[in-house]
Amino acid sequence: MNEIYGTLNGQNKKIAIVAAQFNEVVTKKLVKGAVTQLEKLGVSESDITILWVPGAFEIPRITKCTIESQKFAGVITLGAVVRGETSHFDYVCQGVTASIAEITLHSSIPVMFGILTTNTMKQAIDRAGGKAGNKGVECANDLIEMINIENQI
């Protein structure tokens with residue numbers, strides 16, 4: 001029996017982070033967590049590119065463009081969609097989630113989904129370095145592991 005596990009060695013890996021500017025009090029913490037963790041895993045600062053888009057709904061398109069550029073070993077998507085008083089939250093969450101899932105399935109490189117969908121801003125902050133950890137850090141670890149798994153297949 002053969003088993004394949006990914007390692008957390010990020011040396012010589014070019015990584016893109018596509019992040020939403022909207023709710024930047026959250027997204028900047030997610031990005032900082034991801035960048036710090038990527039560097040801890042051996043990714044050089046010069047090999048990390050952050051692409052800032054207006055909001056979460058724009059993340060899938062730029063993620064697709066980033067993949068098509070063939071410049072990166074993987075992509076992390078980061079954003080925060082917080083429920084408001086209208087159904088806009090539901091449409092944005094559904095559209096972004098479905099689009100990233102579709103891109104991920106057809107992508108030549110791993111894509112991590114780090115878009116928070118929370119009921120309150122407090123919940124989002126808790127998931128961006130607060131008491132619930134930092135989703136950016138989790139995505140950095142998972143991306144490097146996935147890249148290394150795929151390189152073994």
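None of these values were measured; they are calculated from a predicted model. (Residues numbered from 1 in each chain as written. Predicted model: local features only at pLDDT ≥ 70, side-chain atom pairs only at ≥ 80, totals over all residues. Heavy atoms only, no water.)

**Quick notes on the side chain of Thr118**
Just so we agree on the cut-off: Under the scheme used here, helices are H or I runs from DSSP no shorter than 4 residues and strands are E runs no shorter than 2 residues, and both carry numbers assigned from the N terminus. Partly exposed describes any residue whose relative accessible area lies between the buried limit of under 20% and the exposed limit of over 50%, with all areas from a 1.4 Å probe on protein chains only and scaled to the type maximum. Here a polar contact is recorded for every N or O atom pair within 3.5 Å, except that within protein the pair must consist of a potential hydrogen donor and a potential acceptor, and residues adjacent in sequence are included only if both atoms are side-chain atoms. Throughout, a residue-residue contact means that at least one pair of heavy atoms, one from each residue, lies within 4.5 Å.
If you trace the backbone, Thr118 turns up in strand β4 (residues 111-118). Classification of Thr118 by relative accessible area gives buried; the value is 4%. At 3.0 Å, the side chain of Thr118 and the backbone oxygen of Thr120 are in polar contact. Excluding its chain neighbours within four sequence positions, the residues that come into contact with Thr118 are Val81, Val82, Arg83, Phe89, Gln123, Ala124 and Arg127.

**Overview of the sheet that holds β4**
Threshold: What makes two strands pair is DSSP finding at least two bridges between them. As a rule, the C-alpha atoms of each element are fitted with a line to give its axis, helices using only the stretch in contact, and angles between N-to-C directions run from 0 to 180 degrees.
Read from one edge to the other, the open sheet built from 4 strands follows the order β2-β1-β3-β4, with strand pairing classed as parallel. Bordering the open sheet on either side are β2 (48-53) and β4, each of which pairs with just one other strand. Within this sheet the neighbouring strands show an average axis-to-axis angle of 15 degrees, counted without direction. Of the pairings in the sheet, the one linking strand β3 (residues 74-82) to β4 comprises 8 bridges and is parallel in character. Note that in β4 the partner of Gly79 across the bridge is Ile115. With respect to the sheet, helix α2 (residues 59-68) is in contact with β1 (15-20), β2, β3 and β4, its orientation differing from that of β3 by roughly 175 degrees. On top of the sheet, helix α5 (residues 135-152) reaches β1, β3 and β4; it is set at about 160 degrees to β4, its chief contact.

**Things to note about α2**
Put simply, the rule reads: Along the arc lie the directions from the helix axis toward the C-beta atoms.
Here α2 has its buried residues at Ile59, Pro60, Thr63, Thr66 and Ile67. Looking straight down α2, one finds its buried side chains confined to an arc of 120 degrees; they lie on one side. Contacts made by the buried residues of α2 are with β1, β2, β3, α3 (88-106) and β4. In the segment just after α2, Gln70 is the residue with positive phi, at about 55 degrees.

**Observations concerning the nonpolar core**
Defined as follows: Here, nonpolar core refers to any group of buried Ala, Val, Leu, Ile, Met, Phe, Trp, Tyr and Cys residues whose side-chain atoms link them within 4.5 Å.
Counting 24 residues, the largest nonpolar core has Ile15, Ile17, Val26, Leu38, Ile76, Leu78 and Ile144 as its most contacted members. Of all the elements in the fold, those that place two or more residues in this core are β1, α1 (24-40), β3, β4 and α5. A total of 6 residues in this core trace back to one element, the largest contributor, which is α1. With residues up to four places along the chain from it excluded, the contact list for Val26 reads Ala80, Leu116, Met121, Ala124, Ile125 and Ala128. Ala16, Val92, Cys93 and Ile115 belong to the second largest nonpolar core, which has 19 residues in total.

**Some points on the packing of α1 against α5**
Here is the rule we go by: Here is the rule for angles: anything less than 35 degrees is roughly parallel, anything more than 145 is roughly antiparallel, 65 through 115 is roughly perpendicular, and the remaining ranges are oblique. Left-handed describes a crossing whose near helix is turned anticlockwise from the far helix through less than a right angle; right-handed describes the clockwise counterpart.
Two numbers describe how α1 lies on α5: the axes approach to 6 Å, and their chain directions differ by 40 degrees. Taken as axis vectors, α1 and α5 run oblique relative to one another. Two packed elements cross with a definite hand, and for α1 against α5 that hand is right-handed. Contacts between α1 and α5 pair Leu30, Gly33, Ala34, Gln37 and Leu38 from the former with Lys135, Gly136, Val137, Ala140, Asn141 and Ile144 from the latter.

**Here we look at the environment of Tyr91**
With respect to the helices and strands, the residue Tyr91 is situated in helix α3. Sequence spacing of Tyr91 and Phe72 is 19 residues, and the spatial spacing of their C-alpha atoms is 30 Å.

**Topic: unusual backbone geometry**
Positive phi is not limited to glycine here, since Asn23 has a value of about 60 degrees. Turning to its location among the elements, Asn23 is positioned in the loop between β1 and α1. With a phi angle near 55 degrees, Gln70 is a residue other than glycine that sits in the positive phi range. Within the secondary structure, Gln70 sits in the loop between α2 and β3.

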